[in-house]
Structure formats: C-alpha cells, structure tokens
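# Observations on chain architecture
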Amino acid sequence: GGSDTLVLRGTAEPDEALDVFLNEKIFGSYVVDGDGVFLVEIPISLLAQGECQVCVSYAGDEGVAETVELTVGVDTAAPELYVRQKSLSQHDAGVFVRVADESGVCQVTLRVDGNDVSSREVGDKTWSFLSLDGVGLSETSVIEVVALDRAGNRTEQTVPFARTVADIRVRNEAALTD
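I will try to describe carefully the structure that is included in this document. Nothing here was measured: the structure is a model prediction, and the numbers come from that model.

Along its length, the protein carries one helix and 13 strands. Counting from the amino terminus, the protein carries its helices and strands in the arrangement β-β-β-β-β-β-β-β-β-β-β-β-β-α. The buried share of the protein, reckoned over its 178 residues, is 34%. Of the contacts formed within the protein by residues at least 6 apart in sequence, a portion of 55% connects residues at least 24 apart.

Taken in spatial order, the four strands make up an open sheet running E3-E2-E5-E6, and their pairing is antiparallel. In the strand order of this sheet, the two ends are held by strand E3 (25–31) and strand E6 (66–74), each with one partner. Adjacent strand axes in the sheet meet at a mean angle of 20° when their direction is disregarded. Bridge analysis of strand E2 (residues 17–22) against strand E5 (residues 50–58) gives five bridges, and the strand direction is antiparallel. In the sheet register, Asp19 faces E5, and the bridge partner there is Ser57.

Applying the stated rule across the entire model yields three salt bridges. The salt bridge involving Arg111 is made with Asp116; its shortest N-O contact spans 2.8 Å. With relative accessibility at 23%, the residue Arg111 sits in the partly exposed group. With a closest N to O distance of 3.8 Å, Glu144 and Arg111 form a salt bridge. Within this pair, whereas Glu144 is found in strand E12 (residues 143–149), its partner Arg111 is found in strand E9 (residues 105–112), the two being separated by 33 residues in sequence. Judged by relative accessible area, which is 18%, Glu144 ranks as buried. Through salt bridges with shared partners, one network takes in Arg111, Asp116 and Glu144.

It is worth spelling out the sheet that holds E12 at this point. Spatial ordering of the open sheet is given by E10-E9-E12-E13, a layout of four strands whose pairing is antiparallel. Single-partner strands in this sheet number two, and they are strand E10 (115–123) and strand E13 (154–159). Along the sheet, successive strands turn relative to each other by an average axial angle of 20°, direction set aside. Where E9 and E12 come together, seven bridges link them in antiparallel fashion. Within E12, the residue paired with Thr109 across the bridge is Val146.

This paragraph deals with the packing of aromatic side chains. Applying the stated criterion across every chain, the model contains one aromatic pair. Relative to Phe129, the ring of Phe96 lies with its centre 5.0 Å away and its plane at 55°, an arrangement referred to as tilted. Placement of the pair is Phe96 in strand E8 (residues 94–100) and Phe129 in strand E11 (residues 128–131), with a sequence separation of 33 residues. Classification of Phe96 as partly exposed rests on a relative accessible area of 32%. Under the relative-accessibility criterion, Phe129 is labelled partly exposed at 32%. The cationic tip of Arg84 hangs over the ring face of Phe96; the distance from NZ or CZ to the ring centre is 5.0 Å. A cation sits over an aromatic face here: Arg84 above Trp127, 4.2 Å from the ring centre.

Calculation rules
Residues numbered from 1 in each chain as written. Predicted model: local features only at pLDDT ≥ 70, side-chain atom pairs only at ≥ 80, totals over all residues. Heavy atoms only, no water. Helix = DSSP H or I, 4+ residues; strand = E, 2+ residues; numbered from the N terminus. Buried < 20%, exposed > 50% of the residue type's maximum accessible area, 1.4 Å probe, protein only. Contact = heavy atoms within 4.5 Å. Pairing = 2+ DSSP bridges. Axes fitted to C-alpha atoms, helices over the stretch in contact; angles between N-to-C directions. Salt bridge = Lys/Arg side-chain N within 4 Å of Asp/Glu carboxyl O. Phe/Tyr/Trp six-rings, centres within 6.5 Å; stacked < 30°, edge-to-face > 60°. Lys NZ or Arg CZ within 6 Å of the ring centre and 35° of its normal.

What follows is the structure in structure tokens.
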C-alpha cells in the first residue's frame with residue numbers, strides 16, 4: 001500500500017499515561033512527553049481491511065478520563081485488473097482495461113519496455129481504452145498494464161506480444177524468396 005503505518009499525533013497533559021485501543025483491544029500504553037505531545041505509530045498490518053475503531057484514552061485534568069475515538073478506513077487490498085486482450089500485435093491500437101477496487105477509481109498506466117505510453121483514471125467496473133498511438137511493438141516488447149488505487153495499492157499485468165497470421169505469412173514468403 002501507500003503507507004505502512006498509521007500515525008496518531010496529538011496533545012495531552014504532560015507526563016500522563018495514554019492508552020491506545022484498536023477495535024476495543026489494548027494496543028499499547030504510553031507516557032505523554034513533558035511538552036504534552038504524543039506520537040503513536042501503528043503498523044497497518046495490525047489493522048483489518050475495512051473500518052477499524054481507534055480509541056485514545058488518558059486520565060486528563062484532575063483524573064477525569066478523556067477519550068478520543070475515531071474510525072479509520074483501511075485499504076491494503078490491491079485493485080483487481082482486467083485486460084480484455086490476451087495478447088497484442090503491432091496492429092493493435094491499444095488495450096481495453098477495467099478495474100475493481102473499493103476506492104472506485106484507479107490510475108491505470110500502459111507501459112511498453114519500461115516507458116509510460118498512456119495513462120488515465122479508470123472507474124470501477126468500467127471498460128476504458130489505453131492507446132498505443134505512435135508505439136511500435138516488436139517480438140521483444142514488454143507490455144505491462146499497471147493499476148494504482150488511491151491508497152497506493154498496485155497491481156501489474158503483463159500482456160504478451162503475438163505475431164498475426166499475416167505477419168507470419170509475410171515473413172515466411174520473404175524467407176522463401178531469399
């Protein structure tokens with residue numbers, strides 16, 4: 001994903017005990033710095049996909065408990081990527097792609113031999129066209145489609161190059177006449 005850590009920053013009474021709960025289970029206890037600032041880092045790997053309840057609690061002024069609760073959306077799932085063509089030839093104008101992702105939109109990029117050729121936002125479950133305009137493909141071309149969601153989760157798919165029947169016939173005829 002885009003980040004491996006959920007960072008909680010805030011202020012509280014200096015030197016107070018601070019408890020952090022994840023989905024009603026204690027994650028850890030901390031002591032607030034002398035300047036009243038606290039920083040808690042929670043590895044995303046400890047959070048479940050979807051919504052997670054985070055609660056920060058401390059004794060506060062005169063021993064009265066103060067609690068801050070928040071709901072955090074966790075997205076660590078890579079988008080699903082679909083490419084309509086099973087292979088490409090030098091006669092293809094581009095590829096049709098679609099994604100399925102909780103965020104609803106992904107940035108999808110068509111790469112040939114490591115270079116970005118075409119890129120666009122693709123909506124969830126909508127077929128979109130990525131152009132190969134001006135790109136010459138060959139048998140050695142490496143053609144990749146990369147989908148990146150808003151959380152930074154990434155999926156890649158390689159599309160093989162395939163010679164067409166016409167290309168094979170022309171090459172065979174050239175070989176016979178040489």
